[in-house]
Amino acid sequence: MRIRGCIFDLDGVIVDTARYHYLAWKKLATILNIEFTEENNERLKGVSRMASLDIILEIGNRVCDEKTREEYASLKNKWYLDYINRMMPDEILPGSLEFISELKYSGIKVALGSASRNTPLILERLGIGSLFDGIADGNIVSKAKPDPEVFLTAAKMIAVPPEECIVFEDAVAGVEAALKAGMRCVGIGSEKTLKDANVVVSGLDKLNLRKLKVLAKKL
Ligand code: B16
Ligand code: MG
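Note that this is a predicted model, so its numbers are computed, not measured.

What counts, and at which threshold
Residues numbered from 1 in each chain as written. Chains lettered and ligands numbered in written order. Predicted model: local features only at pLDDT ≥ 70, side-chain atom pairs only at ≥ 80, totals over all residues. Heavy atoms only, no water. Buried < 20%, exposed > 50% of the residue type's maximum accessible area, 1.4 Å probe, protein only. Helix = DSSP H or I, 4+ residues; strand = E, 2+ residues; numbered from the N terminus. Arc of directions from axis to C-beta. Contact = heavy atoms within 4.5 Å. Pairing = 2+ DSSP bridges. Axes fitted to C-alpha atoms, helices over the stretch in contact; angles between N-to-C directions. Near = heavy atom within 4 Å. Polar contact = N/O pair within 3.5 Å; in protein donor to acceptor, adjacent residues only side chain to side chain. Areas by Shrake-Rupley, 256 points an atom, 1.4 Å probe, with all protein chains shown as cover. Nonpolar A, V, L, I, M, F, W, Y, C, P; charged D, E, K, R; others polar. Domains from an automatic or database assignment. Buried area = accessible area lost by both parts, 1.4 Å probe. Salt bridge = Lys/Arg side-chain N within 4 Å of Asp/Glu carboxyl O.

1. Notes on helix α6 (residues 119–126)
- Along α6, the residues classified as buried are Thr 119, Ile 122, Leu 123 and Leu 126. Down the axis of α6, the buried side of the element spans an arc of 95°, and every buried residue falls inside it.
- Residues of α6 that are buried in the fold lie against α4 (66–84), β2 (109–113) and β3 (134–136).
- Where α6 terminates, the next one or two residues include Gly 127, which has phi positive at roughly 70°.

Pasting the structure below:
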């Protein structure tokens, strides 16, 4: 395939915020007397805030009205923001900046495709907002991953057709979204979890443009 656009997920690919999401959800679960484990937290990766809350309520066998759900979600986000507001650029995952810069330097368009409504704040904390030619996040899309909307929006922003885009994603829901968008997907994490990705690497530090082109021949 010809690579003209690369679209990056944020949480779990460029920065590891999963731990902060977990700690904030855990706090809410404890208050609600729901047992919520790190294993359960895997199910929340890549899915929207409200869908994450619904998974936790389902684990605890609870049903809530809309107003209460909104209150719980905003409480969790308040605790999550306490962590995010203390984030520093050294939390950017190894190899991310080098890889993205190399892509840009070689003329490939680079976009962000994240479910997170906190994307602008995270990018500001990390000082990397200006790196991207397009930013599609949870604030501008209405359908959460596994719906392809966020990646299709990102591709439009960089004016590259889906078949010439590669998505880098750490979550099962995100891989599904990328494939539904008609894009190729490089899974970031374990092959066992990301079975449907076209190829899987453990992190962006394992990639450079030369290696990506070799992988792309198999895509
Ligand atoms: P927020 P990504 C996702 O980001 C996270 O993986 C997921 O765990 C979280 O629930 C979702 O963002 C919404 O985040 O509460 O900040 O809007 O992986 O798509 O970059
Ligand atoms: Mg992610």
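After presenting the structure, the write-up continues.
2. Details of the sheet that holds β3
- The six strands lie next to each other as β3-β2-β1-β4-β5-β6, forming an open sheet whose pairing is parallel. In this open sheet, the two edge strands, each paired with only one partner strand, are β3 and β6 (199–201). Pairs of neighbouring strands in the sheet enclose a mean axial angle of 25°, with direction left out of account.
- Where strand β4 (residues 165–169) meets strand β5 (residues 184–188), four bridges bridge the pair, whose relative direction is parallel. If you follow Phe 168 over to β5, its bridge partner there is Val 186.

3. A short note on the site of ligand 1
- Residues in close proximity to ligand 1 total 18 residues, the closest being Val 47, Ser 114, Ser 116, Arg 117 and Asn 118.
- The separation between an oxygen atom of ligand 1 and a polar main-chain atom of Asp 11 is 2.9 Å.
- A distance of 3.4 Å is found between an oxygen atom of ligand 1 and a side-chain nitrogen or oxygen belonging to Ser 52.
- Across the complex, the protein chains shield 97% of the 470 Å² of accessible surface that ligand 1 would expose by itself.
- Split by residue class, the shell around ligand 1 holds five nonpolar, seven polar and six charged.
- Of the domains in this structure, domain 1 (5–16 + 89–216) and domain 2 (18–84) are the two that each give at least three residues to the shell around ligand 1.

4. Some remarks on the domain arrangement of the protein chain
- Domain boundaries in the protein chain define domain 1 (5–16 + 89–216) and domain 2 (18–84).
- Between domain 1 and domain 2, the C-alpha centre-to-centre distance is 24 Å.
- At the junction of the two partners, domain 1 supplies 14 residues and domain 2 supplies 13 residues.
- For the pair domain 1 and domain 2, the two sides together bury roughly 1100 Å², of which 51% comes from carbon and sulfur.
- For the domain 1 face of the interface with domain 2, the top three residues by lost area are Asp 16, Arg 117 and Asn 118, together amounting to 34%.
- Inspection of the region where domain 1 meets domain 2 yields zero salt bridges.
- Where domain 1 packs against domain 2, one counts four residue pairs in polar contact (both at pLDDT 80 or more).

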